[in-house]
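If you want the building blocks of each chain, they are given just below.
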Amino acid sequence: VQLQASGGGLVQPGGSLRLSCAASGSIFSISAMGWYRQAPGKQRELVASITSDDSTNIADSVKGRFTVSRANANAKNTAVLQMNNLNPEDTAVYYCNAEGWGRIYWGQGTQVTVSS
C-alpha cells in the first residue's frame, strides 16, 4: 500500500486547512485509515481515523474542530482531514496512516503551521 498525502501549509489562527490522503496498491487489505501528527519534541499522536465501514474516531484535543471523511462516498481508499478553527498548538507534521492485515503504512508527512 502506498499513501499519497496532500494539503497543509501556513494558516493564521482561526483558519482552516484540508488534508487529503489517497491509498494505492493493495487497498482491499486496508481496514482503517487515519491521520497522526507530531509536533517538535513531542510524540506522534492520533488525530482522527476512519474505518472501512466509515466509522470515525476523533481525538479529544481536536474534537469539534476536526473531521475525517472520504473524498466521496465510493472512495474507500481516501481519508480527508478537515481542520477548522486552527490554533498554534495544531502546528505539527501531519502523517497519513493506513492499517490492514497486520501491517501499518505511513505516507510522507505534510507540514501544518498555524501562525499569525
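Coordinates for the structure precede this section.
Here the residue numbers are simple positions, counted from 1 along each chain's written sequence. Since the coordinates come from a predicted model, pLDDT governs what is reported: local features require at least 70, and pairs of side-chain atoms require 80 or more to be given and counted, while whole-chain, interface and lining totals use all residues. The side-chain figures draw on all heavy atoms in the structure; neither hydrogens nor water molecules are used.

### With respect to the packing of aromatic side chains
- The rule is short: rings of Phe, Tyr and Trp, with Trp giving its six-membered ring, pair when the centres are within 6.5 Å, and they are stacked under 30 degrees, edge-to-face over 60, tilted in between. The final tally for this structure, using the stated rule, is 3 aromatic pairs.
- Taken together, a centroid distance of 5.4 Å and an interplanar angle of 65° make the contact between Phe-28 and Trp-101 edge-to-face. Of this pair, Phe-28 sits in the loop between β3 (17-24) and β4 (32-38) while Trp-101 sits in the loop between β9 (92-100) and β10 (103-106), and the two are 73 residues apart along the sequence.
- Here Tyr-36 and Trp-106 contribute two aromatic rings whose centre-to-centre distance is 5.0 Å and whose plane-to-plane angle is 70°, an arrangement assigned as edge-to-face. Of the two residues, Tyr-36 is situated in strand β4 and Trp-106 in strand β10; the sequence distance between them amounts to 70 residues.
- For the exposure calls, accessible area comes from a 1.4 Å probe over protein chains only, and a residue counts as buried if that area is under 20% of its type's maximum, exposed if over 50%, partly exposed in between. For Trp-106, a relative accessible area of 38% puts it in the partly exposed group.
- Whether a charge sits over a ring comes down to the Lys NZ or Arg CZ being within 6 Å of the ring centre and within 35 degrees of the ring normal. Of note, Arg-44 hangs over the ring of Tyr-95, and the distance from its end group to the ring centre comes to 3.7 Å.
- Over the ring of Trp-106 we find Arg-44, and its NZ or CZ is 4.6 Å from the ring centre. Helix and strand definitions follow DSSP, with helices as H or I runs of at least four residues and strands as E runs of at least two, each counted in order from the N terminus.

### With respect to the side chain of Asn-97
- Tracing the backbone through its elements, the reader meets Asn-97 in strand β9.
- Contact definition: two residues touch when any of their heavy atoms are within 4.5 Å. Every residue in contact with Asn-97, bar those within four places of it in the chain, is listed here: Leu-3, Ala-32, Met-33, Gly-34, Tyr-36, Ile-104, Tyr-105 and Trp-106.

### Topic: the sheet that holds β3
- Pairing between strands is defined by DSSP: at least two bridges between them are needed. One open sheet accounts for 4 strands, arranged β1-β3-β8-β7; its pairing is antiparallel. Two strands lie at the open edges of the sheet, namely β1 (2-6) and β7 (66-69), each paired on one side alone. When the angles between neighbouring strand axes are averaged without regard to direction, this sheet yields 15°.
- Pairing geometry for β3 and strand β8 (residues 78-83), over 6 bridges, is antiparallel. By the bridge assignment for β8, Ser-20 is matched with Val-80. Angles run from 0 to 180 degrees between N-to-C directions of axes, and those axes are lines fitted to C-alpha atoms, restricted for helices to the stretch in contact.

### Observations concerning the environment of Ser-52
- Relative to the elements of secondary structure, Ser-52 occurs in the loop between β5 (45-51) and β6 (56-58).
- Spatially, the C-alpha atom of Ser-52 lies 24 Å from that of Thr-110, the residues being 58 residues apart in sequence.
- Filtering out sequence-adjacent residues up to four positions away, Ser-52 remains in contact with Ile-30, Ser-31, Arg-70 and Lys-76.

### Some remarks on the state of the cysteines
- By disulfide we mean two sulfur atoms from cysteines, separated by a distance within 2.5 Å. Enumeration according to the criterion identifies 1 disulfide in this entry.
- Here Cys-21 engages in a disulfide with Cys-96; their sulfurs sit 1.8 Å apart. Taking the sign of the torsion about the S-S bond as the criterion, the disulfide between Cys-21 and Cys-96, at about -80°, is left-handed. Taken together, the residues Cys-21 in strand β3 and Cys-96 in strand β9 connect sequence positions 75 residues apart. The same class applies to Cys-21 as to Cys-96, namely buried.

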